[in-house]
Amino acid sequence: DWSVTGVQTCALPISVIGGGPAGCAAALAALSEGSAVTLYEKSRFPRHKVCGEFLSPELGPALESLGLWSGFLAAGPARITRAVLHLGPHLKRFKLPEPAYSLSRYSLDHMLLREATLRGADLRVEAAKPGEAPTILAHGRQATARAGERLFGFKAHFRGPVDDAVELFFFRGCYVGVSSVENQFTNVCGLAPERLLLGGGFSPEALFSEPLRERVAPLERAMEWLMTGPLVFRDEFKSRTRVYLAGDALGFVDPFTGSGVLAALLTGRLAGQAAVRGCAVEEHLAACRRVLGRQYNVASLLRRLLGAGLAEKLAAFVPGRMLYRMTRPAV
């Protein structure tokens, strides 16, 4: 049930730190229940962000519950109906069980933040720390890793022919996703180990496998590469924090699942409702674990199989749609 229920007349005022999808979902959910919301975001929007920008079909009900579906469609997202997996020299194609979408974070984040402020959130363009009011942390990743062993993400938009497929390339410990976004652009986004990036002068294109080079050959890069890191796979489902966590502040799952934005909206909405209703933080984390736990476990297993070189054999026997469904949140 995606409808916003349990509206209270004495909802608690809350603070939300982070104005991305998780923070805006939290703000919108809290506003829907009558809460006063102060939303802190240190960056100015709109802006590009490293992200695969693939949006799972389940995003539709999530946006509908927040009153954002029509605005999302008006932004002109690309429609994605097929998937192509490149596992070394092996190729696996399948049709998605339901059509998905792809929209740049430039457009998506701007739309979400605009709606949150239009509906009453008090936006403050500044950094913030938790105070006395119930607080939701949705400020993204803040993890560390040992130098030389870190993972970094990269992303750029390209001009050229577009299609309705999301293509995933796995090679040399790297992962790259390619899919169309709005306005006839193609997003190329991936992650790679620091040692490989250093060897290529931190130029992502120097790392590309031959199939990936062929895929982007008809395209022309339309922006400088954006990079972020370190990326650390983790979750905080058992955290003892005193604040409500959402989005990447709660955990970071493998990008090949293609559900990062969906997870941000789901956990943000849960956090907004929990904070307004005065639920224990432990209850909120347990709810998030029920939604995302299976996905995190499956992604971790697939990551290990990829690292051991066994994913190619697995892909030969497991239907593509099954692999896809196994990496969805439990919504």
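Higher on the page you've got the structure.
Residues numbered from 1 in each chain as written. Predicted model: local features only at pLDDT ≥ 70, side-chain atom pairs only at ≥ 80, totals over all residues. Heavy atoms only, no water.

K.L.:
Please provide a residue-by-residue account of the pairing of strand β5 (residues 90-102), values included.
P.N.:
With two bridges connecting them, strand β3 (residues 54-55) and β5 associate as antiparallel partners. Residue pairing in the sheet places Phe54 in a bridge with Ser102 of β5. Bridging between strand β4 (residues 78-87) and β5 involves nine bridges; their strand directions are antiparallel. If you follow Ile80 over to β5, its bridge partner there is Ala100. Hairpin geometry of β4 and β5 is characterised by an intervening segment of two residues between the two adjacent antiparallel strands and by a positive phi of about 60° at Gly88. (Pairing = 2+ DSSP bridges. Helix = DSSP H or I, 4+ residues; strand = E, 2+ residues; numbered from the N terminus.)

K.L.:
Which residues make up the sheet that holds strand β6 (residues 122-124), and what values go with them?
P.N.:
Strand order across the open sheet formed by five strands is β6-β2-β1-β7-β15, with parallel pairing between neighbours. Two strands lie at the open edges of the sheet, namely β6 and β15 (244-245), each paired on one side alone. As defined by bridge partners, strand β2 (residues 37-40) adjoins β6 across three bridges and the pair is classed as parallel. What sits directly across from Leu39, in β6, is Leu123.

K.L.:
Outline a positive patch on the surface, listing residues and values.
P.N.:
Together, Arg79, Lys95, Arg321 and Arg325 make up a region of like positive charge exposed at the surface. Among the secondary structure elements, Arg79 is positioned in strand β4. (Patch = residues over 30% accessible without salt bridge, like charges linked within 9 Å, V, L, I, M, F, W, Y side chains within 5 Å. Areas by Shrake-Rupley, 256 points an atom, 1.4 Å probe, with all protein chains shown as cover. Salt bridge = Lys/Arg side-chain N within 4 Å of Asp/Glu carboxyl O. Lys, Arg positive; Asp, Glu negative; His and termini not counted. Charge placed at Lys NZ, Arg CZ, Asp CG, Glu CD.)

K.L.:
Kindly report on the nonpolar core, identifying the contributing residues and their values.
P.N.:
Judged by nonpolar contacts, the single largest core of 59 residues is most densely connected at Phe72 and Ile136. For this core, the leading source of residues is helix α7 (residues 260-277), giving 10 residues. Sequence-distant contacts of Phe72, that is, excluding residues within four places in its chain, are made with Leu55, Leu59, Leu63, Pro77, Tyr101, Leu103, Leu108 and Met111. Listed in part, the 23 residues of the second largest apolar core include Phe54, Leu151, Leu168 and Leu323. (Core = buried A, V, L, I, M, F, W, Y, C linked by side-chain atoms within 4.5 Å. Buried < 20%, exposed > 50% of the residue type's maximum accessible area, 1.4 Å probe, protein only. Contact = heavy atoms within 4.5 Å.)

Everything listed here is a matter of geometry and, on its own, says nothing about what the molecule does.
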